[in-house]
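Examination of the molecular architecture
Listed below, chain by chain, are the residues.
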Amino acid sequence: KKKKKKKKRVLSLIDSRTQRRSRHYIKAGHPPLFVNPQLLHFFLHNPLPPFLLHTHLTCNMTNTTGNKGRVLLAYSGGLDTSCILAWLIDEGYEVMAYMADVGQEEDFEAARLKALKVGATKVFVENLKKEFVEEIIYPAIQANAVYETVYLLGTSLARPVIARKQIEIAAREGCQFVSHGCTGKGNDQVRFELAYYALKHDIKVIAPWRLPVFYNRFAGRKDLLAYAAQKNIPVFQTAAKPWSTDENLFHISYEAGILEDPNNTPPKDMWKLTVDPEDAPNTPERITITFVEGIPVKVHNHNDGHIETSVDPVRLFTYLNTLGRRNGVGRVDIVESRFIGVKSRGCYETPGGTILRAAHIDLEGLTLDGQLRHLRDTNISVPFGRILYNGQYFSPEREYLTHSLEFTQRHVNGEVKVKLYKGNVVIEGRKASGPGAKLYNIEESSMDELGGYEPTDADGFIKVHAIRLKKWTPAA
């Protein structure tokens, strides 16, 4: 005996003919509840007996929201990741958004609200500045890490802490997938995904810019803007500044757009962090940086008397950034070799990092044994920089180099006097403390006294080293 049942709304993804037929079947007392629209479309265009139709519809009840799984998206609030968020939802995923605060000048609350408006079920904003400074920036300074002799690795440095927290949240929230907005031609896709797989072996990665279904649909910025308009995603677009940026506490990078021609001079208004060196103050700013085991612990500004200490490492590093920015320090414009084999032009501003690296290198000249310094430069500095650049931070070789690095920095203690002037970092003096101070003996080094050194000893030293050279070169 049939009971009278309340009408249910049929999902709107079926065409008008299907809707008319569905109303007929609902009136007959066979209401679809949570209906798979494709199944409904098929059965209503291929009629079956009502009891059989009812069986198929009710036995295939599927909630299409997030039926493909849960994704944690590394979200910036910009056009790309906002469109990716909406697209993932369209594809049937439940999407959570994750933002890492690594010191970029960003309105995180506005970005959080934007992600929720687009459709994220949760938004996580994580402050990672302290661990970024202590675990990544300071070891990079201790190592004098650099890539291809110029690039101070600002973008590369931030990726390990960002990826680590993303995986931590993904595991906690039961996400089967993580996603990012990295281009398919860049280094960051490698850096993020190597970290993902190292930290959670069974994680699945959705990289939209490597999926033909995505990059064929969104061939350019115009397509993204059209999609954003369709989805009512607020976009703040300026055609006057055609380049992309990546910012964190250590630096900011500029690439793409007009910068892709390596012979194009960057426009003056591109540089965001630092004042143009030509416009920097005409009065030098003098500071003293104190290091303990290769790590900065105090900055004393002799111009205004301000002192910053390591009680808050983020504050100390931010203060160095402030000094560098107002004196035009840290700009570079280079062409580098990406890990994937493509040459890339990039412009970078690294104000505080440039000051620290110059001061640290100078202090090592006073406090680090010459042979140990040579081994560190050859076997740690260059490999460490390459490991960071190539996204292999979570590797056994990086751990090995980190432990070795700590040994080299035990005696790098002292002060370095620095002058900041119109883009330049000028070392004006240094003083060692602790065991490293004994390496430099002023009497021994003096040209005005022997200081315990016997010049005749050099005669045999030179002759011994000449033995090999005599055998190599032809006789006169």
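Attention in this report is confined to the structure presented alongside it. Numbering of residues begins from 1 in every chain and follows the order in which that chain's sequence is written. Per-residue local features of the predicted model are confined to residues with pLDDT of at least 70, and side-chain atom pairs are confined, for both listing and counting, to 80 or more; whole-chain, interface and lining totals are unaffected and use all residues. Side-chain numbers here rest on the full set of heavy atoms in the structure, without hydrogens or water.

By the criteria applied, helices consist of DSSP H or I runs no shorter than four residues and strands consist of E runs no shorter than two, each listed in order from the N terminus. From N to C terminus, the protein includes 16 helices and 14 strands. Accessible area is worked out with a 1.4 Å probe on protein chains only. A residue is then buried under 20% of its type maximum, exposed over 50%, and partly exposed in between. Across the 476 residues of the protein, 44% fall into the buried class. In this description, contact between two residues means that some pair of their heavy atoms is separated by no more than 4.5 Å. For the protein, restricting intrachain contacts to residue pairs at least 6 apart in sequence, the fraction spanning at least 24 positions comes to 69%. Areas reported as accessible are Shrake-Rupley estimates using a 1.4 Å probe. Residue values count occlusion only from the protein chains shown. By element, 54% of the accessible surface of the protein is carried by carbon and sulfur atoms, the whole surface being about 25,100 Å².

Turning our eyes to something else, we now look at helix α16 (residues 457–472). At A466, α16 shows its largest kink, close to 35°. In terms of burial, α16 is largely open, as just 0 of its 16 residues are buried. Each residue is assigned a bend, namely the angle between axes fitted to the seven residues that terminate at it and the seven residues that start at it.

A few words now on the pairing of strand β3 (residues 123–127). DSSP-based pairing: two strands are paired if at least 2 bridges between them are found. Two elements, strand β2 (residues 94–101) and β3, share 5 bridges in a ladder whose sense is parallel. Bridging across to β3, A97 finds its partner in V123. Crossover handedness is defined here as right-handed if the route from the first strand over the helix to the second strand goes clockwise, with the strands pointing away from the viewer. Handedness of the crossover joining β2 and β3 through helix α5 (residues 108–118): right-handed.

Moving on, we come to the side chain of S344. Tracing the backbone through its elements, the reader meets S344 in strand β12 (residues 343–349). S344 sits in the buried class, given a relative accessible area of 7%. Whenever a nitrogen or oxygen atom comes within 3.5 Å of another N or O atom, the pair is scored as a polar contact, on the condition that within protein one atom can donate a hydrogen and the other can accept it, and that pairs from neighbouring residues in sequence are kept only if both atoms are in side chains. One polar contact links S344 to R338, side chain to side chain, over a distance of 3.1 Å. Residue contacts for S344: discarding those within four places in its chain leaves E255, I334, V335, E336 and R338.

What follows deals with unusual backbone geometry. For E148, which is not a glycine, the phi torsion comes out positive at approximately 50°. Position of E148 among the secondary structure elements: in the loop between α6 (129–142) and α7 (154–173). Its relative accessible area of 33% is what places E148 among the partly exposed residues. In this model, K422 sits at a positive phi of 45°, which is unusual for a non-glycine residue. Residue position: K422 is located in the loop between β13 (414–421) and β14 (424–432).

In this section: the pattern of salt bridges. Salt bridge, as applied in this entry: a Lys or Arg side-chain nitrogen positioned within 4 Å of an Asp or Glu carboxyl oxygen. According to the stated counting rule, one finds 31 salt bridges in the structure shown. The closest approach of N and O atoms between D90 and K231, which form a salt bridge, is 3.0 Å. Placement of the pair is D90 in helix α4 (residues 79–90) and K231 in the loop between α10 (221–230) and β6 (244–247), with a sequence separation of 141 residues. Using a relative accessible area of 40% as the deciding quantity, one classes D90 as partly exposed. Residue classification places K231 among the partly exposed positions, given a relative accessible area of 30%.

Bringing helix α11 (residues 313–326) into the picture now. Expected helix span is given by 1.5 Å per residue-to-residue step, counting one fewer step than there are residues. Taking 1.5 Å per residue, 14 residues should reach 20 Å; α11 reaches 20 Å between its end C-alpha atoms and fits that length. For α11, the set of buried residues is P313, V314, L316, F317, Y319, L320, N321, L323 and G324. Buried-residue contacts for α11 involve α6, β8 (285–292), β9 (295–301), β10 (307–309), α12 (351–367) and β13. Its side-chain oxygen at 3.1 Å from the backbone nitrogen of V314, D312 defines the N-terminal cap of α11. A positive phi of about 70° marks G328, the residue just after α11.

A few words on the packing of helix α13 (residues 370–389) against helix α14 (residues 396–408). At a closest axis distance of 10 Å, the pairing of α13 and α14 adopts a crossing angle of 145°. Relative to α14, α13 is oriented so that their crossing is left-handed. Side by side, α13 and α14 meet where L372, R376, N379, I380, P383, F384 and I387 of the first sit next to E397, R398, L401, T402, S404, L405, F407 and T408 of the second. Among the residues forming the contact of α13 with α14, the class breakdown is 8 nonpolar, 4 polar and 3 charged. Lines are fitted to the C-alpha atoms to define the axes, a helix being fitted only along its stretch in contact, and any angle between axes, read from their N-to-C directions, falls within 0 to 180 degrees. Helix crossings are classified by the rotation of the near helix relative to the far one: an anticlockwise turn of less than a right angle makes the crossing left-handed, while a clockwise turn makes it right-handed. Charged residues are taken to be Asp, Glu, Lys and Arg, nonpolar residues to be Ala, Val, Leu, Ile, Met, Phe, Trp, Tyr, Cys and Pro, and polar residues to be all remaining types, Gly included.

What follows concerns the packing of aromatic side chains. What counts as a ring pair is set by centres within 6.5 Å for rings of Phe, Tyr and Trp (its six-membered ring), and what kind of pair is set by the plane angle: stacked under 30 degrees, edge-to-face over 60, tilted for all other angles. In this structure the tally under the stated criterion is 12 aromatic pairs. Both rings, one in Y93 and one in F177, keep their centres 5.3 Å apart while their planes meet at 75°; by these two values the pair is edge-to-face. Taken together, the residues Y93 in the loop between α4 and β2 and F177 in strand β4 (residues 177–179) connect sequence positions 84 residues apart. As far as burial versus exposure is concerned, Y93 and F177 are alike and both buried. Measuring from centroid to centroid gives 4.7 Å for F214 and F218, while their planes differ by 50°, and the two rings are tilted. For the residue pair F214 and F218, the accessibility class agrees, reading buried in each case. Put simply, the rings of W87, W209, F214, F218 and Y227 touch in pairs and so form one group of aromatic residues. Working rule: Lys NZ or Arg CZ, within 6 Å of ring centre, within 35 degrees of ring normal, means a charge sits over the ring. If you follow R398 out to its NZ or CZ, it ends over the ring of Y393, 3.9 Å from the centre.

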